[in-house]
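The primary structure of each chain is shown beneath.
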Amino acid sequence: QWRQPLNSLSMLNQSILLKYNRKKLDDKFVEYFKINSNKQIQGMSKTIDDFRDFFKHEKGKVEFVINDVINDTLEMVKPIFTQNKIEIVFDANQNFTTIGYPNELGQAILNIINNAKEELTEKDTKVSFDSTNLTNEDKKIKINLEQIENEIILNISDNAGGIPNDIIDNIFNPYFSTKEEKNGTGLGLYMSKIIIEDHMGGKLSVSNSDDGAVFSIKLRDNIND
């Protein structure tokens, strides 16, 4: 989240030094430097606030809109996914409300989409959701939110090729990781499981589609129970 603004600040510093050394530094560029450097700094400050609020401990269950949690999570990680050329598509035909811990649900979603991001960046994607519109190089994560009877179902799917059958039953186990060489802790998906099932009273499962992995979160519509 900070890499891009830091790079921008570095380029601004290099530009102002270059102009100074060439005796071409004028008031117009100084004003440009002031406005744009401040813009980057403010953006970095907002990132700190966003993450601090995102991981803030929640004292009790509250009523919240699931769509808002998803949108806030995606907005927070948008820069890193854009940098990795991964498209995220969120589809919901209405707002869905439940009772629980919105920040914790956001953390669970973040863990899942971050896991998909790592898979997509490590693999040459050979499949796509729509071969008529996408090329083989496209990396995509789909998030679909719908309600079936008294259950709100959130599906997060990617086109990274899927999880090998010999490990798919273990990926929610604590300390299980396929990324040990990259300092993977194996706790992200485990914590998502705890949040969804123990804290939210829902169900988290995973399966493979023709394109890749599909993580399914099922929550009760306890507003209308």
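Residues numbered from 1 in each chain as written. Predicted model: local features only at pLDDT ≥ 70, side-chain atom pairs only at ≥ 80, totals over all residues. Heavy atoms only, no water.

Colleague: I keep staring at the nonpolar core and nothing clicks. Help me out?
Modeller: General note: in soluble globular proteins, nonpolar side chains tend to be found buried as a group. Among the nonpolar cores identified, the biggest contains 40 residues, and I66, L105, I156 and F215 are the most heavily contacted of them. Elements that contribute at least two residues to this core include exactly α3 (66-83), α4 (102-122), β4 (139-148), β5 (151-158), α5 (188-199), β6 (203-208) and β7 (213-220). Excluding residues within four positions of it along the chain, L105 makes contact with F64, I66, V69, I195, I196, M200 and L219. (Core = buried A, V, L, I, M, F, W, Y, C linked by side-chain atoms within 4.5 Å. Buried < 20%, exposed > 50% of the residue type's maximum accessible area, 1.4 Å probe, protein only. Helix = DSSP H or I, 4+ residues; strand = E, 2+ residues; numbered from the N terminus. Contact = heavy atoms within 4.5 Å.)

Colleague: I'm lost on the packing of α3 against α4 in this one. Help?
Modeller: Two quantities define a packed helix pair, namely the angle between the axes and the distance from one axis to the other. The contact between α3 and α4 brings their axes to 9 Å, and the two run at 40 degrees. Judged by the inter-axis angle, α3 sits oblique to α4. Helix-helix and strand crossings are classified by hand; for α3 and α4 the assignment is right-handed. Here I66, V69, I70, T73, L74, V77 and F81 of α3 lie close against α4, whose contacting residues are P102, L105, G106, I109, L110, I113 and K117. Within the contact of α3 with α4, the residues separate by chemical class into eleven nonpolar, two polar and one charged. (Axes fitted to C-alpha atoms, helices over the stretch in contact; angles between N-to-C directions. Parallel < 35°, antiparallel > 145°, perpendicular 65-115°, else oblique. Left-handed = near helix turned anticlockwise from the far one by under 90°. Nonpolar A, V, L, I, M, F, W, Y, C, P; charged D, E, K, R; others polar.)

Colleague: Even after reading the chapter, I still don't get the pattern of salt bridges, so can you show me in this structure?
Modeller: Side chains that carry opposite charge are capable of pairing whenever their charged atoms lie near each other. Going through the model one piece at a time under the given rule, you end up with three salt bridges. Between E31 and K34 there is a salt bridge whose closest N-O contact spans 3.4 Å. With E31 and K34 both in helix α2 (residues 27-54) and three residues apart, the pair spans about one turn of that helix. Salt-bridge contacts for K193 lead to E197; the nearest nitrogen and oxygen are separated by 3.0 Å. Of the two residues, K193 and E197 both sit in helix α5, four residues apart, roughly one turn of that helix. Using a relative accessible area of 21% as the deciding quantity, one classes K193 as partly exposed. On the basis of relative accessibility, which here comes to 22%, the residue E197 falls in the partly exposed class. The network of salt bridges with common partners includes K193, E197 and K203. (Salt bridge = Lys/Arg side-chain N within 4 Å of Asp/Glu carboxyl O.)

Colleague: How do you make sense of the side chain of N159 when you look at a structure like this?
Modeller: You can see N159 is positioned in the loop between β5 and α5. Within polar-contact distance, the side chain of N159 engages the backbone oxygen of D138 at 3.4 Å. A distance of 3.0 Å separates a polar atom in the side chain of N159 from the backbone nitrogen of K140. (Polar contact = N/O pair within 3.5 Å; in protein donor to acceptor, adjacent residues only side chain to side chain.)

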